[in-house]
Amino acid sequence: PDTPWPTTAGSRMLETFHSPYDAAVVERLRAAGVLVVGKTNLDEFGMGSFGTNSAFSPTLLPRDDGDGEVVAGGSSSGSAAAVALGAARIAIGSDTGGSVRLPAAFSGVVGLKPTYGRISRHGLISYASSLDTVGILSTSVLDAFRALDVLAGPDDRDATCIQEEWQPLAAASAPPANGLGRGIRIGIPVEFRAEELPQASLDAWQRAAEEWAGAADCEIVPISLPSVRDALPAYYVIACAEASSNLARYDGVAFGHRTSTAVESLREEYTATRVEGFGEEVKRRLLMGSFVLSADAYDDYYVRATAIRQRLVEEFAAAFCSADVLLTPVSSTAAPTLAQVRELHPVSAYVTDLMTVPASLAGVPAIVLPAQGRLSTPMQLIAAHGREDALFSAATQLEQLALS
């Protein structure tokens, strides 16, 4: 491709790497006449919730009150910042456990994660292959789904890509006829009332549901997803296990960083290359992933995590028999400062993904609307597998309510 930008994945390991081809999403954007203006910063290999794990610099945004800076959220921090600051109308990110939706919430933009496999992953640098989903950041719900219309569709180069033809949703600038109208059944998952959520967020969640129900004759339906309580540890077991396999390719032989340290064996060369090329968070997750796949830990961790994931898929499917969409908070915290993030214990930082990983594990579509107008805190909408049409209708309706 004719691009001057290296493809770094936010890592020293790929600091000078130039991809020999465009990803499928870039091909489709360019074919549609979209001007690609640059590549953006991110947490290294998509591993982070705040945008502070890049090997090059954290991604920061000015506070609303102008007093200092806050993190843009991660891992797709640069994409969210580019949209928030007006440098781009839309931006592309990858969402493994919330990496498009969290920065959308922190940066005040819309973040869409489609159904797993809806957009081709060909050319996407892998973190956790059964979870990685190309997502979209934009200033409005309509723009997000216009971009989805360009990007979605089958691709023989990606075996996980949904092979049915995509039917455009946003071409008419209005929700599709087969979507949802008034009288939406809004599911409220009781397990999302986590102890980590401050009372202000709980109140804002309830107020958003009640105002939406009152304005559009919607029905509020309590929903139970018992496995949500175990979703966060299950997610990190699965994601780290897959990462330990995917990132094994970075050994300094075929591409990427290669140590210049004098060594006496190939093993020493591999070790020095990976120690120098990977950041601390990546090393932590690779070690965790290698451990849960070890013979002594496999049954206790990885097998149990995949069982939890399967139960969660089944519980989401059952929930959507009673509700059209689910409404949830996005994060247990507002965008913190860089100093606040650096004070967090790494495991405490993982709790930031509490509200976003369930949809990722289930492979269902979700969208985050920012705090604006009558929405005092960002909100997440989740729809059934393959029901982006329902998500578009509901998100459009909620956005209109927020801005009314």
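Data block above holds the structure.
Rules and cut-offs
Counting restarts for each chain: residues are numbered from 1 in the order of the written sequence. Reporting in this predicted model follows two pLDDT cut-offs: at least 70 for local features of residues, and 80 or more for side-chain atom pairs to be given and counted; totals over whole chains, interfaces and linings ignore these cut-offs and use all residues. With hydrogens and water stripped out, all remaining heavy atoms of the structure feed into the side-chain values. Working definition: helices are DSSP H or I runs of at least four residues, strands are E runs of at least two. Numbering for both runs from the N terminus. Burial here depends on accessible area, computed with a 1.4 Å probe over protein chains only, as a share of the maximum for the residue type. Under 20% is buried, over 50% is exposed, and the range in between is partly exposed. Definition of nonpolar core: a set of buried residues of the types Ala, Val, Leu, Ile, Met, Phe, Trp, Tyr and Cys, connected through side-chain atoms within 4.5 Å. Here an axis means a line fitted to C-alpha atoms, over the contact stretch when the element is a helix, while the angle between two N-to-C directions is reported on a 0 to 180 degree scale. Oblique is the label for any angle not under 35 degrees, not over 145, and not in the 65 to 115 range, which are roughly parallel, roughly antiparallel and roughly perpendicular in turn. Contacts were defined at the residue level, with two residues in contact if any of their heavy atoms lie within 4.5 Å. Think of it this way: DSSP has to see at least two bridges between two strands before they count as a pair. Look down the strands so they point away from you; if the path from the first strand over the helix to the second goes clockwise, the crossover is right-handed.

Draft legend 1. Spotlight on the environment of Pro358. Along the chain, the position of Pro358 falls in helix α12 (residues 357-362). Since its relative accessible area comes to 0%, Pro358 is described here as buried. Considered as a pair, Pro358 and Ala234 are 124 residues apart in the sequence and their alpha carbons are 9.7 Å apart.

Draft legend 2. Fine view of the nonpolar core. Of all hydrophobic cores here, the largest spans 96 residues; its most connected members are Phe45, Phe145, Trp212, Leu327, Ile367 and Leu381. Here the element with the most residues in this core is helix α6 (residues 231-246); it accounts for 11 residues. Listed in part, the 11 residues of the second largest apolar core include Val100, Ala105, Leu137 and Val368.

Draft legend 3. Expanded view of the packing of α6 against helix α8 (residues 280-292). Where α6 contacts α8, the axes come no closer than 7 Å and their chain directions differ by 100°. One way to sum up the angle between α6 and α8 is to call them roughly perpendicular. On α8, the residues that touch Tyr236, Val237, Cys240, Ala241, Ala243 and Ser244 of α6 are Arg285, Leu286, Met288, Gly289, Ser290 and Val292.

Draft legend 4. How the structure looks around the pairing of strand β7 (residues 219-223). Direction of pairing for strand β6 (residues 185-189) relative to β7: parallel, over a ladder of 5 bridges. Each bridged residue has a counterpart across the sheet, and for Ile188 the counterpart in β7 is Pro222. The β-α-β motif built from β6, the intervening helix α5 (residues 199-216) and the parallel element β7 has right-handed crossover chirality.

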